[in-house]
Amino acid sequence: MTRIVITAPFDPRVAAELPGEVVTASEAETGQSLGARAAADPVFAAALAEADVVIAELDRIDDDALAAAPRLSLVVACRANPANVDLAACAARGVEVRTTPGRNADVTADFTLALLLATVRHVPAASAWLRAGNWSSDDVFEPYARFRGIGLSGRQLGVVGGGAVGRRVVRRAQGFGMRVAVYDPFLAPGALGDDVQHLELDDLLTTSDVVTLHVPLTPETTGLIAARELALLRPDAYLVNAGRAALVDRDALLAVLREGRIAGAGFDVFHDEPLSPDDELLRLPNVTLTPHIAGASDDVVVEHSRLAAAAVASVFPPPSSSPSPSPHSDSDDSREATAPDAESRTQAASHREATTPHPHEREDHVTATATADVVVLDIEGTTSAAGFILGDLYDYARPRLDEVLGRDDDTVRAARADAIAETGLDADASDAEIAEALRGLMAKDVKSTPLKTLQGIIWAEGFAAGEIHSQFFDDVPPRLHAWSEEGIRLAVYSSGSVASQVPWFRHAPQGDLTPLVEDFFDTVKAGPKKESASFDKIASALGVAPDRALFLTDHPDEVSAALAAGWQVVALDRAGEPWAGADFAAPAVASFDEIEVTR
């Protein structure tokens with residue numbers, strides 16, 4: 001039986017469903033090495049010695065810890081960045097490392113709005129003034145004048161960073177009636193909706209009533225908001241930071257606040273934590289301070305428990321043949337994607353068939369039926385949320401392009417040359433210049449072959465290191481298992497490289513799906529997805545007659561190309577995906593559960 005040692009705070013309901021024997025020790029979590037804890041506690045040492053899995057949040061997984069756990073094969077760090085894990089030591093021992101990305105995104109976004117409101121409405125100062133007994137009948141209206149603040153409706157919120165937290169802050173701010181502008185050089189215009197304005201950083205700072213920071217801390221973003229940037233803020237503007245303190249230059253920030261050059265600020269993060277009692281920030285009246293509590297929520301524990309359990313199940317699958325669905329996989333964030341542009345929408349309209357009802361307009365969902373030997377799957381928007389790929393995976397690949405381009409490798413050299421030719425750069429362009437050009441293609445979601453080759457390398461390494469994970473809609477894995485058991489062959493055809501497709505299916509939260517898939521095809525191997533000849537090539541490679549092949553996709557142009565090649569097609573019309581509501585020239589369904597395939 002699998003032995004799972006948990007030292008992180010963990011939801012007992014989730015722990016009870018883990019596939020193995022669970023030993024918990026969260027009450028002893030101190031941030032020390034698990035090896036040191038084992039040396040001091042014989043009971044814990046015995047548990048660790050038999051552990052196949054360790055789930056930790058603060059405890060360090062280092063050489064000493066690994067030596068105390070010779071059976072260990074999986075570490076799950078309950079955090080987005082496994083800073084508590086020695087990745088090199090784990091790799092040397094063949095120990096896989098997984099993380100729990102996005103575990104606190106929702107509560108951090110909630111807290112950002114709470115801090116914003118507390119700052120612009122002077123809530124802490126008013127509360128302290130009241131508790132000090134200052135409200136008297138001599139001037140009952142004094143607090144009304146003393147603590148007058150601003151409302152949010154109609155004002156502009158400038159969001160720096162459109163990642164997991166930033167996207168959620170955008171939605172919450174819109175609920176307050178705010179106009180929202182975003183600075184994120186890696187986001188394509190329209191990625192967060194037509195009503196979100198994309199601005200350069202300087203323009204965002206000069207036009208926003210409130211600015212909030214949500215970018216990761218990297219060498220490039222350290223000191224992103226320095227003296228020059230702070231000077232761009234209006235005198236009546238507010239700055240909120242519940243992200244990383246080092247995004248802002250401390251000396252420049254103190255000068256601006258001390259001199260009253262902005263209306264105020266709210267901070268949950270600090271350059272030195274805990275704050276020293278003599279820190280100047282504590283004496284400034286125009287600052288709202290909280291002690292780094294944005295992620296302090298029981299909901300974070302529930303979410304990282306769920307993500308950790310999914311990671312364990314992917315390596316140690318439960319005995320049941322059909323993995324149980326995750327109750328949270330339909331979260332708003334997993335459904336975000338770049339919307340089609342106007343031209344694409346016009347093209348989609350040309351595929352309209354008046355006799356094909358939209359699946360969300362039916363009183364009863366109609367099951368699409370097909371008799372086929374092979375089912376070929378698109379990925380983005382079909383098996384998996386496009387927003388996850390365009391968000392989490394693209395975010396992972398962008399900063400790593402420079403390093404990969406510099407490798408002495410035949411595949412990389414060929415991709416480098418192709419990228420130069422495709423982007424029109426000079427033959428002697430630097431790695432940094434090529435990487436920047438490729439990031440521009442990513443921002444526009446251009447289907448570039450050299451870009452996809454390099455992304456495939458980056459993602460494959462990220463999957464192997466446990467730094468990124470794939471995502472599938474809950475209806476997909478059970479249906480794939482069922483079709484495979486019924487003797488229906490499965491293949492994949494995606495614009496993403498085969499090098500990225502394989503780890504995507506291997507590292508599914510519901511378990512390794514690659515044994516179910518006979519072959520993988522990309523645009524290099526088969527050709528463009530909007531050309532019927534590509535489907536001819538795939539049918540030939542699989543040895544199947546076109547009319548015995550079924551293609552599942554969410555893209556109307558791909559529907560038409562497969563139909564032109566004589567294939568059967570069912571369109572996936574999933575709520576929240578880029579092509580939701582498009583007019584398809586084939587039956588459309590909302591999930592794999594509505595598709596019946598027989599041989």
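Reading the values: the criteria
Sequence order sets the numbering: in each chain, residues are counted from 1 along the sequence as written. Side-chain atom pairs in this predicted model are given and counted only at pLDDT of 80 or more, local residue features only at pLDDT of at least 70, and totals for whole chains, interfaces and linings cover all residues. No hydrogens and no water enter the side-chain calculation; it runs on all heavy atoms of the structure. Numbering of helices and strands starts at the N terminus; helices are DSSP runs of H or I of at least 4 residues and strands are runs of E of at least 2. Partly exposed residues are those whose accessible area sits between 20% and 50% of the maximum for their type, while under 20% is buried and over 50% is exposed, using a 1.4 Å probe and protein chains only. Whether two residues are in contact is decided by their heavy atoms, any of which lying within 4.5 Å being enough. Each accessible area value is a Shrake-Rupley result obtained with a 1.4 Å probe; residue values ignore everything except the protein chains displayed when judging cover. Side-chain atoms within 4.5 Å are what join buried Ala, Val, Leu, Ile, Met, Phe, Trp, Tyr and Cys residues into a set we call a nonpolar core. The predictor attaches a confidence to each residue, called pLDDT, with possible values from 0 through 100. Lines are fitted to the C-alpha atoms to define the axes, a helix being fitted only along its stretch in contact, and any angle between axes, read from their N-to-C directions, falls within 0 to 180 degrees. In this scheme, roughly parallel covers angles under 35 degrees and roughly antiparallel covers those over 145, while 65 to 115 is roughly perpendicular and the rest are oblique. Three categories are distinguished: nonpolar for Ala, Val, Leu, Ile, Met, Phe, Trp, Tyr, Cys and Pro, charged for Asp, Glu, Lys and Arg, and polar for the others, with Gly belonging to the last. The term salt bridge refers to a pairing of a side-chain nitrogen on Lys or Arg with a carboxyl oxygen on Asp or Glu at a separation within 4 Å. Aromatic pairing here means that ring centres of Phe, Tyr or Trp (its six-membered ring) are within 6.5 Å. Orientation follows from the plane angle: under 30 degrees is stacked, over 60 is edge-to-face, and everything else is tilted. Each ring is checked for a lysine NZ or an arginine CZ that lies within 6 Å of its centre and within 35 degrees of its normal; such an atom marks a charge sitting over the ring. Helix span is expected to be 1.5 Å times the residue number reduced by one. As used in this structure description, the phrase polar contact means that two N or O atoms lie within 3.5 Å; if the pair is within protein, one of them must be able to donate a hydrogen and the other to accept it, and residues adjacent in sequence are counted only when both atoms belong to side chains. We treat two strands as partners when DSSP finds at least two bridges between them.

Draft legend 1. Representation of the overall build of the chain within the structure. From N to C terminus, the chain includes 23 helices and 20 strands. Expressed as a percentage of its 599 residues, the buried residues of the chain come to 53%. A separation threshold of at least 6 residues defines the contact pool for the chain, and within that pool the share at least 24 residues apart is 67%. A total accessible area of about 26,000 Å² is found for the chain, and carbon and sulfur atoms account for 52% of it.

Draft legend 2. Layout of the nonpolar core. Leu480, Trp483, Phe505 and Leu552 are the most contacted members of the largest nonpolar core, which has 56 residues in total. Among the elements that take part in this core, helix α19 (residues 449-465) stands out by supplying six residues, more than any other. Once residues lying within four places of it in the same chain are set aside, the contact partners of Leu552 are Val375, Val376, Leu377, Asp378, Thr382, Trp483, Val570, Leu572, Phe592 and Ile595.

Draft legend 3. Highlighting the confidence of the model for the chain. Averaged over every residue, the pLDDT of the chain is 85; the share at 70 or more is 90%. Confidence drops under pLDDT 50 across residues 320-366; counting only partners more than four residues distant or on other chains, this segment forms 81 contacts.

Draft legend 4. Structural view of the packing of helix α18 (residues 431-443) against α19. It is at 10 Å that the axes of α18 and α19 come closest, and there the two elements cross at 95°. Put simply, α18 runs roughly perpendicular to α19. Counting all contacts with α18, which are made through Leu438, Leu441 and Met442, the residues of α19 involved are Leu451, Leu454 and Gln455. Looking at side-chain class alone, the contact of α18 with α19 contains five nonpolar, one polar and no charged residues.

Draft legend 5. Representation of the pattern of salt bridges in the model. The full count for this structure, using the stated rule, is 37 salt bridges. The salt bridge partner of Glu403 is Arg407, with a shortest N-O separation of 3.0 Å. Members of the salt-bridge network, linked through shared partners, are Asp106, Asp110, Arg168 and Arg172.

Draft legend 6. The arrangement of the packing of aromatic side chains in detail. Counted according to the given criterion, the structure contains ten aromatic pairs. On the numbers, 5.0 Å between centres and 75° between planes, the contact of Phe472 with Phe505 is edge-to-face. A residue pair is termed long-range when its members are at least 10 positions apart, and Phe472 in the loop between α19 and α20 (476-485) and Phe505 in helix α21 (residues 498-506) qualify at 33 residues. Take Phe472 and Phe505: they sit in the same class, and that class is buried. Measuring from ring centre to ring centre gives 5.0 Å for Phe535 and Phe551, while their planes differ by 65°; the resulting arrangement is edge-to-face. Highlighted residues: Phe535 in helix α22 (residues 532-542) and Phe551 in strand β17 (residues 549-553), separated in sequence by 16 residues. Phe551 carries the same exposure label as Phe535, and that label is buried. Members of the aromatic cluster, joined through ring pairs, are Phe472, Trp504, Phe505 and Phe520. Sitting over the face of the ring of Tyr396, Arg400 holds its NZ or CZ atom 3.6 Å from the ring centroid. Seen from the ring of Tyr493, Lys529 lies directly overhead, with NZ or CZ sitting 5.4 Å from the centre.

Draft legend 7. A look at helix α13 (residues 298-315). If you check α13, its first and last C-alpha atoms are 26 Å apart, about what 18 residues at 1.5 Å a residue would give, namely 26 Å. Counting buried residues in α13 gives 13 out of 18 residues, a clear majority hidden from the surface. The opening residue of α13 is Ser297, an N-cap whose side-chain oxygen sits 3.0 Å from the backbone nitrogen of Asp299.

Draft legend 8. The arrangement of the environment of Glu461 in detail. Position of Glu461 among the secondary structure elements: in helix α19. Under the relative-accessibility criterion, Glu461 is labelled partly exposed at 38%. A C-alpha to C-alpha distance of 9.1 Å links Glu461 and Pro503, two positions 42 residues apart in sequence.

Draft legend 9. Layout of the sheet that holds strand β2 (residues 21-24). With parallel pairing, the five strands of this open sheet are ordered in space as β2-β1-β3-β4-β5. At either margin of the open sheet sits one strand with a lone partner, and together these are β2 and β5 (96-99). Adjacent strand axes in the sheet meet at a mean angle of 20°, parallel and antiparallel pairs treated alike. Here strand β1 (residues 3-6) pairs with strand β3 (residues 53-56) via three bridges, running parallel. From the neighbouring strand, Ile6 faces β3, where its bridge partner is Ile55.

Draft legend 10. Spatial organisation of unusual backbone geometry. For the bond from Glu273 to Pro274, the omega torsion is 0°, close enough to zero to count as cis. By the element assignment, Pro274 lies in the loop between β11 (264-267) and β12 (287-289). The residue His122 is not glycine, and still its phi comes out positive at about 60°. Assessed through its relative accessible area of 24%, His122 is described here as partly exposed. Its identity as a non-glycine residue notwithstanding, His292 has a phi of 50°, on the positive side.

Draft legend 11. The arrangement of the sheet that holds strand β15 (residues 489-493) in detail. Sheet architecture is open: six strands sit in the order β16-β15-β14-β17-β18-β19, paired in parallel fashion. A strand with exactly one partner marks an edge of an open sheet, and here the two such strands are β16 (519-521) and β19 (588-589). Taken together, the four bridges between strand β14 (residues 374-377) and β15 define a ladder with parallel strand orientation. The partner of Val376 across the bridge, within β15, is Ala491. Together, β14, β15 and β16 form the strand contacts of α21, whose direction differs from that of β16 by roughly 135°. Packed on one face of the sheet, α22 meets β14, β15, β16 and β17 and runs near 145° to β15.

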